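So you can see what is in the structure, the chains are spelled out below.
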Amino acid sequence: MGVKGMKTLVKESGTLEDVGFKNSAVVIDGPNLYYSLYFNSKPKLDQQHGGDYSAFRGLVCQFFSSLKSCNIKPLVLLDGGAEPIKNKTVETRLKDKLQKAKRLSESRAGEWDNILPPLVKDVFIQVLQELQVEIQQCFGEADLTAALKANEKKCPVLSNDSDFYIFDVQEGFLSIDGFQWESVTQGAIPAQRYKISQFCRCFNVDEHHMPIFAALSGNDYSQLEKEDIKKLIGKYLEAQQPGQSSTSRQRAILKFLGEFRGKTPEEAVTAALQLVGRSKQEDLELYLNSAQQYALKEPPRPNLPQWVIQEIQRGRLTSFVTSVVTQKSMTLTPLVEDFSQPSSYSASLRIRQFFYGLLLGTELCTEYDREGAEDMRPKQVTPVLAGVTPEELQKLELEHLNEGPYHNKLKLVSNSSLDIEHIPDQLKLPLCVTRFWYQQNPDRFNMSCLQALVLGFLQGSTDGGAVAAQRPLQASAAHAFSRWLTCLRQSLHLNQLLCFPLSMKHFQVCQADNYVFIMCLSDYHLVIFCLLSDYYQIMNSSSLVNIFSECFIESVLVFFILSSKTC
């Protein structure tokens, strides 16, 4: 959600209050926070080579450490997907992201061309769980729940979403952009607090008319045509001062609403529509429904088994479950990849088909993915539960999936009968993913990538994202990387839905950049040599036994020697 021009208008109004924020609870808009941390970091985190998850993890830890030092108790809320009413808005944003991803892949991105790497949300959730930060994943957008929780806890909301200028949050709204968490002063974080009561006094409007203001100004649900706007605000426009930003439209709408103090929202909307020559009941309902999106009421829960609801809310189960079950759809966010090739998501189609089969049975699921380089298109996907007998399938129904047999679940998530008993827990999932990814396209180029991955597994932790960001983008390698990442992410989510048959106890999602940064570099032999040097040091380390089992080391070495003969 978002209200056009609202941030600038608030800044110009002089109603923001400087505060030293401490000793308080705060409700945090999770997506706004992880977007802000990733995109605004200095130096800028990698977006071309799949993401710098290790550095991002460090930023998240630093942020919550600052909160803790100021005795600030956070509740982080996460989105659960867009509501159907916003499909047009979502479609527009997806096309915009597609063009940004294309510019990034061609190394011609502008300052504001940002694409969030695919595993950022997963890393964010995992770090919060490790830090024991209270989180709640919602079943739609988190805005409404954030406002309700903030009033319940008598604390402000921390976000960059301009809709919080409209919600009636009693203790106000703190903008992430003005939240100086890296500059703790005397046990407090310098911040700017907005309160709707101060803003409405400044413009002489009723607080309960602010949702009408949002609906008329333009939000994700409604927007007047340009000609209608001119008719509505004509007699309320003020002369724009030199150097002043263009908030005259918003000011004129507020001036119009000031004439309806003490009157109902219906009266204000009816009068506005009459001014622009609209008298149909459907027009009235459109703008009243748009304003109703800001009403503080508990959002509905989807019709899902109780165990699924609990796991989603705790952040242990992906929110994609909600959109697949309720809307029979999945949106595949654009990636930085080789746009001359088919979408990287094609590599993980089989995994998603298993995912849909567990959730929908035989019902079709609509996927929204790129077609070519210019457009996002819907595609009907048939769910699959291959390799499972009818008797086993009965035990894998969603209602009882948390009780299903372990071996059936393991067979689904590992996509094979591979014996993984002796593989360390932290490598079970990435190795299963890598085997699945490579078997789809075992060509000469992917063999080089496969060798790099295996060496990455052996070498362990490195500052992979930072190294990759300093090197030129190789389109074919970036595409292979994106394909691998989609397989990893979809396997993570399938593993969650199956209640973790592959243990995640020691698996760090942020290590994805350490595993495969090599795949996006242009000089394979040089980096493989460096990795071999690191591997030699690991082999001579006394801590080797604590890192890998002897059986695993031997099998990986045999694999590497055999595969190298083909290159």
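The structure this text deals with has already been given above.
Residues numbered from 1 in each chain as written. Predicted model: local features only at pLDDT ≥ 70, side-chain atom pairs only at ≥ 80, totals over all residues. Heavy atoms only, no water.

Tell me about the pairing of strand β2 (residues 24-29), residues and numbers included.
Where burial is concerned, most of β2 is hidden: 5 out of the 6 residues are buried. The sheet contact formed by β2 and strand β3 (residues 72-78) spans 6 bridges and is parallel. Residue Asp 29 lies in a different strand from β3, and its bridge partner there is Leu 77. Across 2 bridges, β2 lies against strand β5 (residues 157-159) in parallel orientation. Across the sheet, Val 27 pairs through a bridge with Val 157, a residue of β5. (Buried < 20%, exposed > 50% of the residue type's maximum accessible area, 1.4 Å probe, protein only. Helix = DSSP H or I, 4+ residues; strand = E, 2+ residues; numbered from the N terminus. Pairing = 2+ DSSP bridges.)

Outline the pattern of salt bridges, supporting the account with residue identities and numerical values.
By the definition in use, this model includes 15 salt bridges. Salt-bridge contacts for Lys 7 lead to Asp 177; the nearest nitrogen and oxygen are separated by 2.5 Å. Residue Lys 7 is found in helix α1 (residues 6-13), and its partner Asp 177 is found in the loop between β6 (173-175) and β7 (189-194); the two are separated by 170 residues along the sequence. Looking at Lys 7, the relative accessible area reads 45%, which means it is partly exposed. Taken together, the shared-partner salt bridges connect Lys 95, Glu 371, Asp 375 and Arg 377 into one network. (Salt bridge = Lys/Arg side-chain N within 4 Å of Asp/Glu carboxyl O.)

Go over the nonpolar core with me, naming the residues and quoting the values.
Ranked by size, the top nonpolar core spans 97 residues in total, and within it Phe 56, Phe 63, Phe 64, Phe 124 and Phe 179 carry the most contacts. When residues of this core are assigned to their parent elements, the largest contribution, 9 residues, is made by helix α21 (residues 475-497). In this structure, Val 10, Phe 199, Ala 214 and Phe 256 belong to the second largest nonpolar core, which totals 56 residues. (Core = buried A, V, L, I, M, F, W, Y, C linked by side-chain atoms within 4.5 Å.)

I'd like a rundown of the sheet that holds strand β10 (residues 375-381), residues and numbers included.
Pairing is mixed in the open sheet, where 3 strands are placed in the order β8-β9-β10. Looking at the sheet topology across the chains shown, the edges are occupied by β8 (329-331) and β10. Geometrically, the sheet is characterised by an average inter-axis angle of 30° between neighbouring strands, direction not taken into account. (Axes fitted to C-alpha atoms, helices over the stretch in contact; angles between N-to-C directions.)

So, the packing of helix α2 (residues 30-39) against helix α5 (residues 120-131): which residues are in play, and what are the values?
Where α2 meets α5, the axes come as close as 11 Å, and the angle between the chain directions of the two elements is 110°. Classified by the interaxial angle, the pair formed by α2 and α5 is roughly perpendicular. Packed against α2, whose contacting residues are Gly 30, Leu 33, Tyr 34 and Tyr 38, the element α5 presents Val 120, Lys 121 and Phe 124 at the interface. Classifying every residue of the contact of α2 with α5 by side-chain character gives 5 nonpolar, 1 polar and 1 charged. (Parallel < 35°, antiparallel > 145°, perpendicular 65-115°, else oblique. Contact = heavy atoms within 4.5 Å. Nonpolar A, V, L, I, M, F, W, Y, C, P; charged D, E, K, R; others polar.)

Please provide a residue-by-residue account of the sheet that holds β2, values included.
Sheet strands line up and pair through hydrogen bonds in the backbone, either parallel or antiparallel. Pairing is mixed in the open sheet, where 7 strands are placed in the order β1-β7-β6-β5-β2-β3-β4. Two strands bound the open sheet, and with one partner strand each, they are β1 (17-21) and β4 (134-137). Averaged over all pairs of adjacent strands, the angle between strand axes in this sheet comes to 35°, irrespective of strand direction. Bridging between β5 and β6 involves 3 bridges; their strand directions are parallel. Its bridge partner lying in β6, Leu 158 is registered against Leu 174. Along the sheet, helix α6 (residues 143-153) contacts β2, β3, β4 and β5; its crossing angle with β3, the most-contacted strand, is approximately 155°.

Got a sec to walk through the pairing of β7? Specific residues and values, please.
Both β1 and β7 contribute to a ladder of 5 bridges, which runs antiparallel. When the sheet's bridge partners are listed, Val 19 is paired in β7 with Ala 191. By the bridge criterion, 2 bridges tie β6 to β7 in an arrangement that is antiparallel. Opposite Phe 173, over in β7, you have Tyr 194 as the bridge partner.

Help me get a handle on the packing of helix α8 (residues 210-217) against helix α12 (residues 281-292), residues and values and all.
Direction vectors running N to C along α8 and α12 enclose 125°, while the axes themselves pass 8 Å from each other. On the basis of their axis angle, the class for α8 and α12 is oblique. Seen from above, α8 lies across α12 with right-handed handedness. When α8 is examined against α12, the residues Pro 211, Ile 212, Ala 215 and Leu 216 are found in contact with a partner set consisting of Tyr 287, Leu 288, Ser 290 and Ala 291. For the contact of α8 with α12, the class distribution of residues is 7 nonpolar, 1 polar and no charged. (Left-handed = near helix turned anticlockwise from the far one by under 90°.)

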